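What follows is each chain in one-letter form.
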Amino acid sequence: MEESGVRFRIRSPDADPLLLLYDGAADTVPSRIAPRSAGQRHGAIYEAFVGGAGAGQLYNWALDPARPLIDPCALALAGPTRYGDKSNLPPLHDANRGARFKSIAVRAPPPYDRPRPYTARADTVIYELHVRGFAGTYAGLVRRLPYLRDLGVTALELLPTMECDETEARGEGLVNFWGYSPLSWFAPNARYAAGADPIAEFREMVAACHEAGLQVFADVVYNHTGELGTDGPTWHHKALDRDVLYDTVDKTGCGNTVRAGHPVVRERILESLRWWHRYLGVDGFRFDLASVLAAGDGVLIREIETDPWLRDAVLIAEPWDAGGGYLVHRWPGGDRWMVWNDRFRDDVRRTWLGHSDPRALARRLTGSSDLHGAGPLRSVNFITSHDGFTLLDSVSYERRHNEANGEDNRDGHAHEVSANFGVEGQADGAAVTAARDQARKNLVATLLLVPGVPMLLAGDERGRTQQGNNNAYCQDNAISHIDWAADDPEFRDFVKQLLGVRRETAALRRTTYLDEGDATWFAPQRADVDATEEAPDWETAQAFGVAFDDVVILVNFSGHEVSFSLPAGAWKVAATTAPGNPGTAKSVTALRRTAPDSGAS
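A short tour of the structure in this document, coming up.

Reading the values: the criteria
Residues numbered from 1 in each chain as written. Predicted model: local features only at pLDDT ≥ 70, side-chain atom pairs only at ≥ 80, totals over all residues. Heavy atoms only, no water. Salt bridge = Lys/Arg side-chain N within 4 Å of Asp/Glu carboxyl O. Helix = DSSP H or I, 4+ residues; strand = E, 2+ residues; numbered from the N terminus. Buried < 20%, exposed > 50% of the residue type's maximum accessible area, 1.4 Å probe, protein only. Polar contact = N/O pair within 3.5 Å; in protein donor to acceptor, adjacent residues only side chain to side chain. Contact = heavy atoms within 4.5 Å. Pairing = 2+ DSSP bridges. Axes fitted to C-alpha atoms, helices over the stretch in contact; angles between N-to-C directions. Left-handed = near helix turned anticlockwise from the far one by under 90°. Nonpolar A, V, L, I, M, F, W, Y, C, P; charged D, E, K, R; others polar. Core = buried A, V, L, I, M, F, W, Y, C linked by side-chain atoms within 4.5 Å. Expected span 1.5 Å × (residues − 1). Phe/Tyr/Trp six-rings, centres within 6.5 Å; stacked < 30°, edge-to-face > 60°.

### A look at the pattern of salt bridges
By the definition in use, this model includes 35 salt bridges. The residue Arg399 makes a salt bridge to Glu424 at a minimum N-O spacing of 3.9 Å. Placement of the pair is Arg399 in the loop between helix H11 (391-394) and helix H12 (430-448) and Glu424 in the loop between H11 and H12, with a sequence separation of 25 residues. One salt-bridge network, held together by shared partners, links Glu2, Arg7, Arg9 and Glu47.

So this is what it looks like as structure tokens:
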């Protein structure tokens, strides 16, 4: 942006595009078309200067005036103001669909310079939320910060806030609620803003989070775009730079896959990350389907890690994709990276919901050294995320119930680890409710009382249900929204207690693996002996304990009460799910040493 006008630039290596100028966001035809003679080319970059234009000028590009293309690097987009508005909506593949959004010439704000909270990785507790589903708008999220601070989490991981076309979801009343199909890697979603300036409102939201001591991580989608497959819309790259941006194999299940190894694509992704980190204030990133970004020799992963502008950014990979890439155990990034650990989710769920594997559980309790070589803090442990059942639903449903998604219940995980305790869905019986509550406590306690970086799904602490829907990507309604009128205060207080114990117990926030000799494993007492067995039978064990540092963790996933003889010293229960003593059936207990002692307790 210059004093006398605006200089517009676009990458279009094969053709000089037209610059379309608009007076209003709802206009379907441009008020003016800048002549190609006004532009000039610099290699693959075409630019056009428009005198008299300024901040707020609406524009698009086009190879054909009837087929407007948004600027893939626009810092802001103007479009429908009402979320999910499908009025006068052209078919998904229609050439005129691009006119729904206009690019906006924006004077970039100065770099974000507010104080940022620093939370050591060992102290980090992530809370995954959807801005609209949790609070409605960026400004609405600010009003919920006292709740989050009181809960005891340290970082908010926001589902995608990049601009997208939520109306792409087919079906009456359905939208792309999660937003994993970006139109721009730079523009914050304007329909998540309460006011007219989404950039300013997003920055103020981040600043308020920082003032509350909370870091902000953005879930970013660089593995595919909202142009989808061959029957999807053409927003920009399909017309301007298809061969550079897209791979020929769909590894995302979304119709297109970004060529993350191409130097042009890598630089654009880095520019996007710098914008969100340096100018919008985001503290870190969770990379969706990140194994796509590690394709080839993983050069992009190393560039992200070593980029000087991103040296303070937290980096989290979802290390798999829909094409069979699975890198949980061999993520190519260095020590700065954390990775989502779905093995933790499944092994812990199997323990408390049936089909347990004692050896696998033992590995998860001590940091997943079989998966990660960089220590337990490499692992982002979780029981639930946006993708799958909520915590309450995982103990209430044995099968998915996604009929409302309009895909004949074929979408979503078909074999999610879950249990219903005898009744599918909502249950009124006291015995079933008690069993489900105990299972929820066991699951969340196992998450929060072991080494690693824990992640909670928004609303799990309040007993949120999605009514058995384990793929609620298209549900902008009560299925996905937090119901603030409903709560489960007893369970929420239990989660707060566990988070407090975690903060106060250094052993639960270990930065290194337990070497042989650092941990003592023991089995329950047998009825015919006075002392604890020396070690569990890892093939058949249904209860065992582990002592390390000044902590003992006891787990009993059998169907009966057991007794443990503890290691020498004086011990105090720090947290337990046992309604009676620590040996109660189906329970997990953490004990802290209070004083050394020469005898057993």
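Back to the text.
### Observations concerning the side chain of Ser272
Looking at the element boundaries, Ser272 is found in helix H7 (residues 263-279). With a relative accessible area of 0%, Ser272 lands in the buried category. A distance of 2.5 Å separates the side chain of Ser272 from the backbone oxygen of Trp185, its partner in a polar contact. When sequence neighbours within four positions are dropped, the list of residues in contact with Ser272 reads Met162, Trp185, Phe186 and Tyr222.

### Focus on the sheet that holds strand E1 (residues 5-11)
Reading across from one edge, E1-E5-E4 is the order of the three strands in this open sheet, with antiparallel pairing throughout. In the strand order of this sheet, the two ends are held by E1 and strand E4 (39-42), each with one partner. For this sheet, the mean angle separating the axes of adjacent strands, direction not counted, is 25°. For E1 and strand E5 (residues 45-51), the ladder comprises seven bridges, and the chain directions are antiparallel. Each bridged residue has a counterpart across the sheet, and for Val6 the counterpart in E5 is Val50.

### A word on the packing of helix H9 (residues 342-353) against H12
Running from amino to carboxyl end, H9 crosses H12 at an angle of 145°, the nearest separation of the two axes being 10 Å. Of the two possible hands of crossing, H9 and H12 adopt the one that is right-handed. Only Ala439, Asn442, Leu443, Thr446 and Leu447 of H12 make contact with H9, whose side of the interface consists of Phe344, Val348, Arg349, Trp352 and Leu353. Taken together, the residues that form the contact of H9 with H12 break down as seven nonpolar, two polar and one charged.

### What to know about the nonpolar core
Ranked by internal contacts, the top residues of the largest apolar core, which has 123 residues, are Tyr127, Leu129, Leu148, Val153, Leu156 and Phe287. A per-element tally of this core places helix H4 (residues 198-211) first, with seven residues. If we skip the residues at most four places from it in the chain, Tyr127 touches Phe134, Tyr147, Leu148, Leu151, Val153, Ala155, Leu156, Glu157, Leu456, Ala458, Gly459 and Glu461. One finds Leu21, Leu77, Ala105 and Trp235 within the second-largest nonpolar core, a separate group that totals 22 residues.

### Quick word on H9
For H9, spanning twelve residues, the distance from its first C-alpha to its last is 16 Å, which sits close to the expected 16 Å at 1.5 Å a residue. A large share of H9 lies buried, amounting to ten of its twelve residues. Turning to H9, its buried residues number three or more, namely Asp342, Phe344, Arg345, Asp346, Asp347, Val348, Arg349, Thr351, Trp352 and Leu353. Just downstream of H9, Gly354 is the residue with a positive phi angle, here 110°.

### Re the environment of Gly39
Secondary-structure assignment places Gly39 in strand E4. Separated by ten residues in the primary sequence, Gly39 and Phe49 have C-alpha atoms spaced 6.8 Å apart. If we skip the residues at most four places from it in the chain, Gly39 touches Tyr46, Glu47 and Ala48.

### What about the pairing of strand E19 (residues 551-556)?
On a regular strand, each side chain points to the face opposite its neighbour's, so the side chains alternate between the two faces of the sheet. Of all the six residues making up E19, six are buried; the element is thus mostly covered by neighbouring parts of the structure. Judged by which residues are buried, E19 turns out to be covered on both faces: Val551, Ile553 and Val555 on one side and Val552, Leu554 and Asn556 on the other are all buried. Note that strand E18 (residues 543-548) and E19 share six bridges and pair antiparallel. If you follow Ala543 over to E19, its bridge partner there is Asn556. Connecting the antiparallel pair E18 and E19 is a turn made up of two residues, with Asp549 showing a positive phi of about 50°. Bridge count between E19 and strand E21 (residues 587-595): six bridges; the pairing is antiparallel. The partner of Val552 across the bridge, within E21, is Leu591.

### Here we look at unusual backbone geometry
Despite not being glycine, Ser368 shows a phi value in the positive range, around 60°. With respect to the secondary-structure elements, Ser368 resides in the loop between helix H10 (358-365) and strand E15 (379-382). Look at Asp549: it is not a glycine, yet its phi comes out positive at around 50°.

### Brief notes about the packing of aromatic side chains
For the structure shown, the criterion picks out 29 aromatic pairs. Taking the centre distance of 6.2 Å and the plane angle of 25° together, the rings of Phe389 and Tyr397 count as stacked. Grouping residues by exposure puts Phe389 and Tyr397 together as buried. Ring pairs connect the aromatic residues Trp185, Tyr222, Phe285, Phe287, Trp331 and Trp337, which therefore count as one cluster.

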